[in-house]
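Residue-level listing of the chains:
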Amino acid sequence: MADPLEAPRRDPNDAPYMKPRNGGARPDGTRVYKAEHSPLYGHRKRFRFTIKPLYASLRAAMLGRSDSPLNPKRGLGAGLDADVPVWRPIWLRVTASYSGHLLPQEFSRDEDEAFVLTAPRGTLHIGHVAAALLYAMDRGRMKPILEVGLGPLWARGPQGVLDGQRGQPCLSDNRCDFGLSCDPSDSVCRPSTTFVVHGGLGLDVEVTKRTTVGAGLRYFAFLSNPQAYPVYLQAALRFGLRF
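Residues numbered from 1 in each chain as written. Predicted model: local features only at pLDDT ≥ 70, side-chain atom pairs only at ≥ 80, totals over all residues. Heavy atoms only, no water.

## Comments concerning the pairing of strand β5 (residues 115–119)
Piece 1. Summarising the sheet, strand β4 (residues 106–109) and β5 pair through four bridges and their orientation is antiparallel. The partner of Arg-109 across the bridge, within β5, is Phe-115.
Piece 2. Between β4 and β5, which pair antiparallel one after the other, the connecting turn spans five residues, and Glu-113 there sits at a positive phi close to 65°. (Pairing = 2+ DSSP bridges. Helix = DSSP H or I, 4+ residues; strand = E, 2+ residues; numbered from the N terminus.)

The structure is reproduced here in structure tokens:
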């Protein structure tokens, strides 16, 4: 009876393999693995799709609002990532996210020590889309990822009450609050597109052949002033599908 561990021979006239020396493993170079029997975590996927609940924090200053630890402009949101390989280990990512930040009313005192409203209560909505390059390291089931991207960001806060805030006249130097720009037609601050760059890192762990879980962190800076960072950051849990 043939030894079941004996590697298959290419020709019935070939002599059997000699036993390995010193108790080594038997040769298996002629063994052919079918796709369904190949290693679970060895498949190369051509596409990855990830959904992610996220925590976000706006670090940029806003007119009429304090930047104290009691008012960090925290928010919650969600995002989507779609990844395709370019030249391994380099991947291309298209990403989109949204976060909502509850903002309280804020007051200051005037010359008569009376309270004056400087910022109304409301929600700051932040949307972001970008294209990014990834360096995805292969560590078996674990995939550390480094990310650099560029794209537009939109921010829309509550209706303002002071110059420079949304719907109010521009400041004397045509400046406006975060996410706003001065409309030259009537010198009023309105929501506009702001381009930002971001850098991030993450870790995905393969749970099954097609699913992953992980976590990620991103830091954002204005493209016009990348030295001042972060103006916005995201921390996310990741749930992915691979195809």
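## Examining the sheet that holds strand β1 (residues 48–58)
Piece 1. Around the barrel, eight strands lie side by side as β1-β2-β3-β6-β7-β10-β11-β12; this closed barrel has antiparallel pairing. The mean angle between the axes of side-by-side strands here comes to 25°, regardless of whether they run parallel or antiparallel.
Piece 2. Pairing analysis gives 13 bridges linking strand β7 (residues 142–156) to strand β10 (residues 193–206), with the strands arranged antiparallel. Bridge pairing in β10 places Met-142 opposite Val-205. (Axes fitted to C-alpha atoms, helices over the stretch in contact; angles between N-to-C directions.)

## Some remarks on the environment of Val-148
Piece 1. Relative to the helices and strands, Val-148 is located in strand β7.
Piece 2. Given the relative accessible area of 59%, Val-148 is considered exposed.
Piece 3. The sequence separation of Val-148 and His-198 amounts to 50 residues, and the corresponding C-alpha distance is 5.8 Å.
Piece 4. In this structure, Val-148 is in contact with Ala-131, Ala-132, Leu-133 and His-198, ignoring residues within four places of it in sequence. (Buried < 20%, exposed > 50% of the residue type's maximum accessible area, 1.4 Å probe, protein only. Contact = heavy atoms within 4.5 Å.)

## Description of the nonpolar core
Generally speaking, soluble globular proteins have nonpolar side chains that are buried together.
Piece 1. With 16 residues, the main nonpolar core has Leu-58, Leu-124, Ile-126, Leu-153, Phe-178 and Tyr-232 as its most contacted residues.
Piece 2. Elements represented by at least two residues in this core include exactly β1, β6 (122–136), β7 and β12 (232–242).
Piece 3. Counting residues per element, this core draws most heavily on β1, which supplies three residues.
Piece 4. Once residues within four sequence positions are removed from consideration, Tyr-232 is found in contact with Ala-56, Ser-57, Leu-58, Arg-59, Ser-99, His-101, Ile-126, Leu-153, Arg-218, Tyr-219 and Phe-220.
Piece 5. In terms of nonpolar packing, the next biggest core, distinct from the first, is built from five residues, Cys-170, Leu-180, Cys-182 and Cys-189 among them. (Core = buried A, V, L, I, M, F, W, Y, C linked by side-chain atoms within 4.5 Å.)

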